[in-house]
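Residue-level structure breakdown
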Amino acid sequence: MVNPLKNTHPGTRLTVNTQQRKAACLAALCAMALLAPELAQAAQWNVDPVRVELSAEQQTAAIIVRNESDEPSSIQIQAVVWSQLNGQDVYTPTRELLVSPPIATIPPKSDQVIRVALRRPADLTHELAYRINLQELPQPLQPESGAGAGGVQVALRIGLPVFVQSQKGDAKPEMSWRVSRVSDNQLKIGVRNRGNAHVQISDFSLYAAGDAQPITGEAGSSYVLAGQEREWLLKTRSPQRIVDGRIRLKAYTDADTVDAQLVLGRP
């Protein structure tokens, strides 16, 4: 499952193809291309927006998928409920979110409009979370494609977050960070979202008190849904610089910028 988001918001455009590292899955696809030069070319999509926001007042939206390649691209579209358990994403097929069409073939250099409609009331106090999965349907390998008898065709797949604001309209995240020492050169940092809406963490860094250079950090987009938590195990630089267990945290999220002091082993 691709998470193609980093500092993205509704209206942001995202070009997706086998050459780009916009998400972990695409990065893996690029690595495969290096190991297997005879891969058949996958589709090249331009998706707008990359995140959908719905509410009781705005129950429909449109997603535009542009096929930038010189070949037709067939895609299957599916909506799923998005939840998290023990820091892992869980997806469940649903009829609460309608997507149309469910299958489409996009001609070369052309657009496909995907319409999204909420089929249930927004929750009174909590944000609802879904994903729309776009799955490329592989085309039959052609001899002239250069893939050869041993070629492998890679199907592109991305997931677009869909969030439904609560009826009261005041759902928001509430982050609680903690850090602990695992070994001399490893720290475990965690965040719990005690709020009633998601938070998207784009990246964060940890600093020893008074130090301008981070001792460790994490880059890349991660979502923490309402009531859920996430942990990272990170190697540290110069752990001896940590004085009295005090560590400064700088984190960037779609809700706010965090600049706080943490103490090892304390919530």
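Here, the structure is the one placed above.
Here goes a summary of the coordinates provided. (Residues numbered from 1 in each chain as written. Predicted model: local features only at pLDDT ≥ 70, side-chain atom pairs only at ≥ 80, totals over all residues. Heavy atoms only, no water.)

On to the sheet that holds strand S13 (residues 186-193), then. One open sheet accounts for three strands, arranged S12-S13-S16; its pairing is antiparallel. Each edge of the sheet is formed by a strand with only one pairing partner; in this case those strands are strand S12 (175-183) and strand S16 (229-235). On average, each strand axis in the sheet is inclined to that of its neighbour by 20°, with strand direction left out of account. As judged from the seven bridges shared by S13 and S16, these two strands associate in the antiparallel manner. Looking across to S16, one finds that Val191 is bridged to Arg230. (Pairing = 2+ DSSP bridges. Helix = DSSP H or I, 4+ residues; strand = E, 2+ residues; numbered from the N terminus. Axes fitted to C-alpha atoms, helices over the stretch in contact; angles between N-to-C directions.)

Along strand S7 (residues 97-100), the buried face is formed by Leu97 and Val99; none of Leu98 and Ser100, which line the opposite face, is buried. Taken together, the four bridges between S7 and strand S9 (residues 110-118) define a ladder with antiparallel strand orientation. Note on S9: the bridge partner recorded for Val99 is Val116. (Buried < 20%, exposed > 50% of the residue type's maximum accessible area, 1.4 Å probe, protein only.)

Attention now goes to the sheet that holds strand S14 (residues 199-208). The four strands lie next to each other as S15-S14-S17-S18, forming an open sheet whose pairing is antiparallel. At either margin of the open sheet sits one strand with a lone partner, and together these are strand S15 (216-224) and strand S18 (257-263). Adjacent strand axes in the sheet meet at a mean angle of 25° when their direction is disregarded. Strand direction decides the pairing type here: S14 and S15, joined by seven bridges, are antiparallel. When the bridges of S15 are listed, Ile201 appears paired with Ser222.

Moving on, we get to the packing of aromatic side chains. The geometry of two aromatic rings is summed up by the distance between their centres and the angle between their planes. In this structure the tally under the stated criterion is six aromatic pairs. Each ring, one from Trp82 and one from Phe163, has its centre 5.8 Å from the other, and the planes form 35°; the classification is tilted. Of the two residues, Trp82 is situated in strand S5 (residues 73-85) and Phe163 in strand S11 (residues 157-164); the sequence distance between them amounts to 81 residues. A relative accessible area of 1% places Phe163 in the buried class. (Phe/Tyr/Trp six-rings, centres within 6.5 Å; stacked < 30°, edge-to-face > 60°.)

Turning to the nonpolar core, a few remarks are in order. Trp45, Leu54, Ile63, Leu97, Ile132 and Leu134 are the most contacted members of the largest nonpolar core, which totals 26 residues. Once residues within four sequence positions are removed from consideration, Leu134 is found in contact with Trp45, Val47, Val65, Gln76, Ile77, Ile114, Leu156, Arg157, Ile158 and Leu160. (Core = buried A, V, L, I, M, F, W, Y, C linked by side-chain atoms within 4.5 Å. Contact = heavy atoms within 4.5 Å.)

With respect to the helices and strands, the residue Val52 is situated in strand S3 (residues 52-54). Looking at Val52, the relative accessible area reads 3%, which means it is buried. Placed 109 residues apart in sequence, Val52 and Pro161 show a C-alpha to C-alpha distance of 6.3 Å. Among all residues touching Val52, those that are not within four sequence positions of it are Ala61, Ile63, Pro161, Val162 and Phe163.

Examined against the element boundaries, Thr253 turns out to sit in strand S17 (residues 246-253). Among the polar contacts made by the side chain of Thr253, one reaches the main-chain amide nitrogen of Ala255 at a distance of 3.0 Å. A distance of 2.6 Å separates a polar atom in the side chain of Thr253 from the backbone oxygen of Asp256. If we skip the residues at most four places from it in the chain, Thr253 touches Met175, Val199, Gln200, Ile201 and Ser202. (Polar contact = N/O pair within 3.5 Å; in protein donor to acceptor, adjacent residues only side chain to side chain.)

Next up on the list: the pairing of strand S6 (residues 88-93). For S5 and S6, the ladder comprises six bridges, and the chain directions are antiparallel. Across the sheet, the residue bridging to Gln84 is Asp89, located in S6.

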